[in-house]
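What follows is the residue order along each chain.
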Amino acid sequence: MNAFKYIVPVLAAVSLVSCKKFLEVEPVDSVSDGQTIVDKTSAETATRGLYRALSADGYYGVTFQSIGYLSGDNVQWTGSQSIIQQFISHNVRADNANIASAWSAIYTTINRANHIIAKVPNVTDPLFTQTLRNQLTGEAYFVRALAYFDLARTWGGVQLALTPTNSASDKTGIQRSSLAETYAQVLSDLTAAEPLLPETTNRVRATKKTVWALRARYHLYQKEYALAEAYATKLLGDAASYQLVKPYSAFFANNVVNTQESIFELSYSSTYTNGHRNQWQPPANNGTRQWAPSDAFLTLVNDASIGGNRSALVAKTSQGLWYGNLYYRSPATDPAYVLRIAEQYLIRAEARANQPGKLTEALADLNAVRSRAGLANSTAATQNDVLLAIENERRIEFAFEPHRWFDLVRTDRAGTVLGVNDKNKWVLPVPANEVLIDGSLEQNFSY
Amino acid sequence: MTKAVSVWLLPALLMPYIVFSQENPAKNTPAPTVKTGTDNIILSGRVIDDKTKAPLPGATIHIKGTTHEVAADEKGAFKFVTGQRLPSVFVVTNVGYQPREITISQATDIVITLHETNSQLNDVVVVGYGTQQRKNLISSISKVNAAEVKELPVAGVDAQLQGKASGVQINSNTGVPGDGVFIRVRGATSINASNDPLYVVDGVFINNTSLQTVNTGGRATSPIADINPADIESIEVLKDANATAIYGARGANGVVIITTKRGNYNAAPKVNIKAATGWAKAAELWKLTTGPEHAELVNEFYANSYQDALTANDAAGITKYKYLPFRALTDNPTATPAPRGLPQDQNTYDRLNKLFRTARLSDYDISLQGGSKATKYYLGAGYTSQEANIKPIDFNRASFKLNLDQRVNEKIQVGVSNSFYRTYRNQARSGDGPAGGLLQSALHTPTYLPETNADGTPARWAGFDNLDVLINNYDVNTISLRYIGNIYADAEIIPDLKFRTSFSVDYNHYNESEYWNNQTQLGAAPTNGLATSIQTQNTTWINEQTLSYRKNLFGGHTFGILVGNSVQSNSLRTDSLSGSGFPNNSFRSIASAANRPSSQKFAKGNLVSFFSRVDYNYSGKYFLEASIRADGSSRFGANNKYGYFPSVGVAWRIREENFLQNVNWLSDLKLRASVGLTGNQNGINNFAALGLWNGGAGYPDVAGSSDQPGTAPQQLGNDDLKWEKTRQSNIGVDVGLFNGAVSVEVNLYSKYTTDALLQLPINAISGFNSYSSNAGEISNKGYEVSIISNNIRKKDFSWTTSFNISGNTNKIEKLPTAVNYYNRDWVRLQEGHPLYSFWLYKQQYVDPETGTAVFEDVTKDGSITVADRQILGSAIPKFFGGITNNLRYKDFDLGVSFTYQYGNKVFNLNRFFGEGGGTRDANRVLLASQLARWQKPGDITDVPRLTAYGNNYTLEQNSRFLEDGSFIKFSALTFGYSLPQRIVSKAHIQNVRLYFIGSNLLWIKKYTGPDPESNVTAVQNVQGLDLGTPPQPRTIQLGINVTL
């Protein structure tokens, strides 16, 4: 029994050690956030994760896109969630769940970009070439620019988060920047991205050309028409890469992806599906038809002299229900269209129409888009007529893409066209919960 | 690891070594009986009731100072051979009778009379790691007689407890057998960790978190439904800290201890056979508008909206509402909306009665129990089948049970408990979500819409599936195979010092499969068939050692101590496969599918614990008990691995004091008080404390390529994450009156939870929505009263009434930011309000002049904005309980049980959708209650004028749909007849009982839906949302019980 004197402490010591180890259990399907971007491979995987955030349901998957078109005049609500109606009737409340999910999806994307921007340049890995390092960093800058651009045009000036979040208290006490400061951040990121990216054509990832396309749109929003024209021209001049495909439906119908129409589209697969079709397709096609083309839009798009072959955007069930058919695939692999060459034509048309003496050139760009839709040339003659013709063309051309609302707001036409005379309503409310959680975040006026 | 733990650890580590060192000498030596050299003699006699003189079968006779023990047979007779010299002392015990110690000096014709105790004072109550007599109890523990509730036709024993235990609130949620129930012991203490009690079956901490992963519309299955109630001997619910602190980090929500049946030593084999069959049917369904009524309402909506569009000069509205949809087919046939025919020409299609059915119930159990001198056994097998009251949902369970105990020698006993269960569920969806939803299809489809298209194909409306297609093609089912087992060894090392070691396993293989053929919405073209197959394996193993010592010291001092340790590991692994694109409906194997995504999940959590309890009492008058448990968990942050949970309790049994000796009407009076700390870690993710990135964020590198692997931030870490702690104090009084004919137990308690585990929302600009933290504080204060009264107790007639009432006030004392739950944020957690609170716009009235709904403008700013939403009630009742009467007259028995609940709110989501005022037009049913809408000036109603404009029907979170969920339910009526002994004994049968049970026979309620207990979702923190689930059925059953 004397042996116990020695055995017991030893056993106790062994048990204590194994006990500590026993209480340290590591997951097998995740890694600690201390070891995330450490070499070439992990830098690449993090960048892919960034695009997956950009294409998430809350962002370019469904919700953010829907905010852009539901707030216009092409879509009616036909489902069960009446928060959709709030966009259509321009009476969005701060507790609308869709604005909260879009807001959070966009900032999730920004955080992923921030991780790449902060970490990729410092990774030590002999296999990691400077070219690839630059490319990945440039892509993150581009995505962040796009994210702030979308925030700015939806909510106005927002809080700028420019560093990766490592703890829960990292992003406290940040005040909202002004609209000008937010757009300045967009430009700064685009400027940073451009030299880092290769001048190649990659329709699912950002390249120098993607930066140019977004810059064209950015300058149009800023009413910097000469710059908008110049950047649009860079793409329109690259006919080898970008073409208006004919007919209109050729850029989306028959399960095509990455057509020459696309400057930037987001890729989905049977693993990562796009929730968008579910909102548009009728029950007969296994969707919910949460919303559908409005009567007014149906009249326009089905008018051969206005919609032309763009009537392929809508279809009708055997029960007579009209539905939007831009997103229709199964499995739901419809790409999300972010930047199309048609937009560059209409950007340049608008930029030219706003500059003295370029009406004819403007009309030529507009007619390129009309011709692809199977329409005769526009008969607009005055500057005002041309601008209105472009506005109406954009309404049909981008009916189910996030443009209509933003277009009418940036051209000061949301009052005249949509009857939203209260300019305070030209930005959406900041999600009520965000205001509640973050003491530094001010709500937009009148919400 | 801190010093304090080491103090606990050392004795625990020593235990195995002590045991073996002590055990050896005893192994081959015969029992040291008090043999005196006399020859063996035969003792025989009978045990009878002192009043009725009826034999007491099953009474045990034990010779004091030995291990020799026999049980009386069905005639109360006993006989045994002993080497004892007369006179010797017998200890005679029988359940429900006062134990007696008598000195026997004759060998034959011994007649032992026992006195029946009405009170439960001598009841043995199972406590954590031991048992106690109720009269010595300091803790607050509800004991439920399993026999009283086991026949109720709900699948799980948890649901059977409704109204039976004070302080335990139970709601059934749905009429789907085997679905999870809402159970709260003394209120809800947590926001993101679990609020369910801990379940311990024969010493095994079993899993009670649903393993379900398939979507059934929000609900989740109950793992407790795996257990066959027929095998259960007793159920104890441990409520106060003195009882639960020994379970440390898992005790805060109360502990349900389930003890299964075991055999008796020296007992003849006894066979029990039960067979029952029954029927279940919904007591009430929803009242819907007819086709013509629906059409009238929608036309009215269009006409009013058109007027309002003109007033608002809204061009889009003027176009949209210009034509009534229900107009003659020839009237403007090309205008939108297209004409659907006049209202009076509409048909009405009754889908509800196609879906609801009279369901069949059946239940068969057989068991064998008994024992020899050194072995006792219980063998049980059972089969239960329950159809839901809607097609095609059904549940069945087959079970097998073997409990075995073996005396190795006088000091050592080993044993096993084994339970095998196979639970099958047809899990059709009935809840939220359009696709595949049975009640969505049957209840929410407008009644005027036909079931087939003009071409004869099944019609699918409003985003819902076709009901016939669903009923005939549903193929969603789950098979749960579960083993719960335990092996133990008990050893008496020295007199009064007992060692126990055990190893337990809870293993569950959960196999889910879904197949949606191309007739259903989910599987329709272009998906072309959708199948999933998910295998989940949940494994828990536990090793425990306890050492206990109990000694009656000099002069009435009794002292006991228990120390123990426990090591537990749980792992959960899920492998899922899915497939779409099947060649045709004949191919159902995922191997035939064109697309086959797969996925896998793994989680693991470990727990190391040390615990101790000491108790002391002085001559059964003054009681003191203290316990502590230290738990170390892998779940928590690096800075907080260990938690400590102490408790202390005292009791004063005043009845034993001299000054009450002559107060005869008072048979018991005891005051109890306890305070302690318990913890909670269940329900949070095993890796909640870690900052993590995950994979599964793939994306191509170039256009047209397939996805390449991607990574992304998953969650923020928190090294400080720790136990949620609940401090509970309890004071109670036990009163026995009239020789125990009436016993009353009253408890007052206060629970205060700090460091509540919370997914605390953080500002989205961080890139995250929430992170795991200890942020909230919650209080629960309440009372419990239970009364058991033996009103009449005669030989041929007895009548017992038991009644309980409990009330609990729940309040979130601290919460950094309010948190909303469920889509549309119906439910909100907010400081100063209870959990399960509804966050709504308050509709004050409908203006009789204009028909406009007037909402309370809390901010007085002239418009109704989010700031005007308020918390307008909670799903927590003010009080609840039950009352049961049991009567017996000769061979007849009758049981009548009611349960009740008062003051809880239910948000009637079915009504929310069904009273949409026509805004959803052809996309939703209209309930008959919509007909009460405002139509003309002077109408007094709370259903506003039908229009698309204003807030009448667009402000969704309308308090109009928040209803009073109070109810009194006639929960059970049992009527039984036992065949007279003189008949059955001729057939050598001990007992035959025929019985009838009716359940949920009557509801008294204000609630306008069929079942105020309904809840659509398993989402934590959401209760009382009624949408698309079938009500609990009214059932009747006939059965027979035979004992051989």
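Residues numbered from 1 in each chain as written. Chains lettered and ligands numbered in written order. Predicted model: local features only at pLDDT ≥ 70, side-chain atom pairs only at ≥ 80, totals over all residues.

The helix and strand tally for chain A stands at 18 helices and seven strands. Computed over the C-alpha atoms, the radius of gyration of chain A is 25 Å, within 12% of the 22 Å expected from 2.2 N^0.38 for a compact globule of 447 residues. With respect to the three principal axes, the spread of C-alpha positions in chain A is 110 × 50 × 45 Å. Summarising the internal contacts of chain A: among those between residues at least 6 apart in sequence, 68% fall at separations of at least 24. (Helix = DSSP H or I, 4+ residues; strand = E, 2+ residues; numbered from the N terminus. Rg over C-alpha atoms; globule rule 2.2 N^0.38 Å. Contact = placed C-beta atoms within 7 Å.)

Secondary structure summary: chain B contains eleven helices and 49 strands in total. Its C-alpha atoms give chain B a radius of gyration of 32 Å, near enough to 31 Å, the size a compact globule of 1044 residues would have. On the principal axes, the C-alpha backbone points of chain B span a range of 115 × 65 × 65 Å. Among the 1044 residues that make up chain B, the fraction classed as buried is 51%. Counting contacts in chain B only where the partners sit at least 6 residues apart, residues at least 24 apart contribute 69% of the total. (Buried ≥ 20, exposed ≤ 12 C-beta atoms within 10 Å, placed from the backbone.)

All names here are of chain B. Cis geometry marks the peptide bond from Thr336 to Pro337; its omega dihedral reads -10°. Inspection of the secondary structure assignment puts Pro337 in the loop between helix H6 (315–320) and helix H7 (352–355). Here the amide bond leading from Lys391 into Pro392 is cis, since omega sits at -15°, within 30 degrees of zero. Summarising the element assignment, Pro392 is placed in the loop between strand E19 (375–387) and strand E20 (394–407). The phi dihedral of Arg186 is positive, around 55°, even though this residue is not glycine. As for its position among the elements, Arg186 is in the loop between strand E12 (182–185) and strand E13 (198–201). At Tyr836, a residue that is not glycine, the phi angle is positive and equals roughly 55°. Note on placement: Tyr836 falls in the loop between strand E37 (827–829) and strand E38 (837–840).

Helical geometry note: an α-helix holds 3.6 residues per turn, so side chains three or four residues apart project in the same direction. For helix H2 (residues 40–54) of chain A, built from 15 residues, the straight-helix expectation of 21 Å at 1.5 Å per residue is met to within 8% by its first-to-last C-alpha distance of 22 Å. Where H2 of chain A is concerned, the buried positions are Ala43, Glu44, Thr45, Ala46, Thr47, Arg48, Gly49, Leu50, Tyr51, Arg52, Ala53 and Leu54 of chain A. Turning to H2 of chain A, the residues buried within the fold contact helix H3 (57–61), helix H6 (97–119), helix H7 (130–155) and strand E3 (262–266) of chain A together with strand E31 (712–715) of chain B. (Expected span 1.5 Å × (residues − 1).)

All names here are of chain B. The domain architecture assigned to chain B consists of domain 1 (31–114) and domain 2 (199–282 + 356–699 + 708–836 + 875–914 + 961–1043). Measuring from the centre of the C-alpha atoms in domain 1 to the corresponding centre in domain 2 gives 41 Å. Listed by partner, the interface residues are eight residues for domain 1 and nine residues for domain 2. Split into classes, the residues belonging to the side of domain 1 that touches domain 2 amount to three nonpolar, two polar and three charged. (Domains from an automatic or database assignment. Nonpolar A, V, L, I, M, F, W, Y, C, P; charged D, E, K, R; others polar.)

The next thing to look at is the packing of H2 of chain A against H6 of chain A. All names here are of chain A. As a packed pair, H2 and H6 sit with axes 9 Å apart at the nearest point and diverge in direction by 165°. In terms of orientation, H2 and H6 fall into the roughly antiparallel class. In this structure, H2 meets H6 at a crossing whose hand is left-handed. Here Ala46, Thr47, Gly49, Leu50, Ala53 and Leu54 of H2 come into contact with H6, specifically with Thr108, Thr109, Arg112, Ala113, His115 and Ile116. Looking at the contact of H2 with H6 residue by residue, the classes come out as six nonpolar, five polar and one charged. (Axes fitted to C-alpha atoms, helices over the stretch in contact; angles between N-to-C directions. Parallel < 35°, antiparallel > 145°, perpendicular 65-115°, else oblique. Left-handed = near helix turned anticlockwise from the far one by under 90°.)

Moving on: the interface of chain A and chain B. Counting residues at the interface gives 82 residues for chain A and 82 residues for chain B. Of all elements in the fold, only helix H1 (4–22), strand E1 (30–32), H2, H6, helix H12 (295–301) and helix H18 (432–437) of chain A reach the threshold of two or more residues within the side of chain A that touches chain B. Take the side of chain A that touches chain B: its biggest share by element is nine residues, from H1 of chain A. Its residues assigned to classes, the side of chain A that touches chain B shows 35 nonpolar, 30 polar and 17 charged. Relative to strand E30 (residues 692–694) of chain B, E1 of chain A is paired through three bridges, and the arrangement is antiparallel. Bridge pairing links Ser30 of chain A to Asn694 of chain B in E30 of chain B. (Pairing = 2+ DSSP bridges.)

It is worth spelling out the domain arrangement of chain A at this point. One frequently used descriptor of interface size is the decrease in accessible area upon assembly of the parts. Residue and element names in this part refer to chain A. The assigned domain composition of chain A is domain 1 (37–191) and domain 2 (268–334). Centre-to-centre separation of domain 1 and domain 2, based on C-alpha positions: 27 Å. Taken residue by residue, the interface counts 15 residues in domain 1 and 15 residues in domain 2. Within the residue set of the side of domain 1 that touches domain 2, elements represented by two or more residues are H3 and strand E2 (75–77).

A few words now on the sheet that holds E31 of chain B. Taken in spatial order, the three strands line up as E1(A)-E30(B)-E31(B) in an open sheet, and their pairing is antiparallel. The strands lining the two open edges of the sheet, one partner per strand, are E1 of chain A together with E31 of chain B. Averaged over all pairs of adjacent strands, the angle between strand axes in this sheet comes to 45°, irrespective of strand direction. Inspection of the sheet shows E30 of chain B paired to E31 of chain B by three bridges, in the antiparallel sense. The residue of E31 of chain B that forms the bridge with Leu692 of chain B is Gln715 of chain B.

Side-chain direction in a regular strand flips from residue to residue, so the side chains alternate between the two faces of the sheet. All names here are of chain B. Going residue by residue along strand E44 (residues 905–908), you find Lys905 and Phe907 tucked away on one face and Val906 and Asn908 tucked away on the opposite face as well. Note that E44 and strand E48 (residues 1025–1026) share two bridges and pair parallel. Along E48, the bridge assignment pairs Asn908 with Asp1026.

Another aspect to go through is helix H9 (residues 208–221) of chain A. Its 14 residues place the ends of H9 of chain A 20 Å apart at the C-alpha level, agreeing with the 20 Å of an ideal helix rising 1.5 Å per residue. A positive phi of about 60° marks Lys223 of chain A, the residue just after H9 of chain A.

Strands belonging to one sheet form pairs held by backbone hydrogen bonds; the direction of such a pair is parallel or antiparallel. Residues and elements named next belong to chain B. Spatially, E10-E15-E16-E13-E14 is the arrangement adopted by the five strands of the open sheet, whose pairing is mixed. Two strands in the sheet have a free side with no partner beyond their single neighbour: strand E10 (141–145) and strand E14 (204–206). Direction aside, neighbouring strands of the sheet carry axes that sit 25° apart on average. Direction of pairing for E10 relative to strand E15 (residues 232–238): antiparallel, over a ladder of five bridges. What sits directly across from Ile141, in E15, is Leu238.

In this section: the nonpolar core. Core analysis: the largest hydrophobic core is formed by 252 residues, its most contacted members being Ile106 and Ala145 of chain A. Counting residues per element, this core draws most heavily on H7 of chain A, at 13 residues. Setting aside residues up to four positions removed in sequence, Ile106 of chain A forms contacts with Tyr59, Phe64, Ala147, Asp150 and Leu151 of chain A. With 42 residues, the next largest nonpolar core counts Leu355, Tyr448, Phe464 and Val925 of chain B among its residues. (Core = buried A, V, L, I, M, F, W, Y, C linked by C-beta atoms within 7 Å.)

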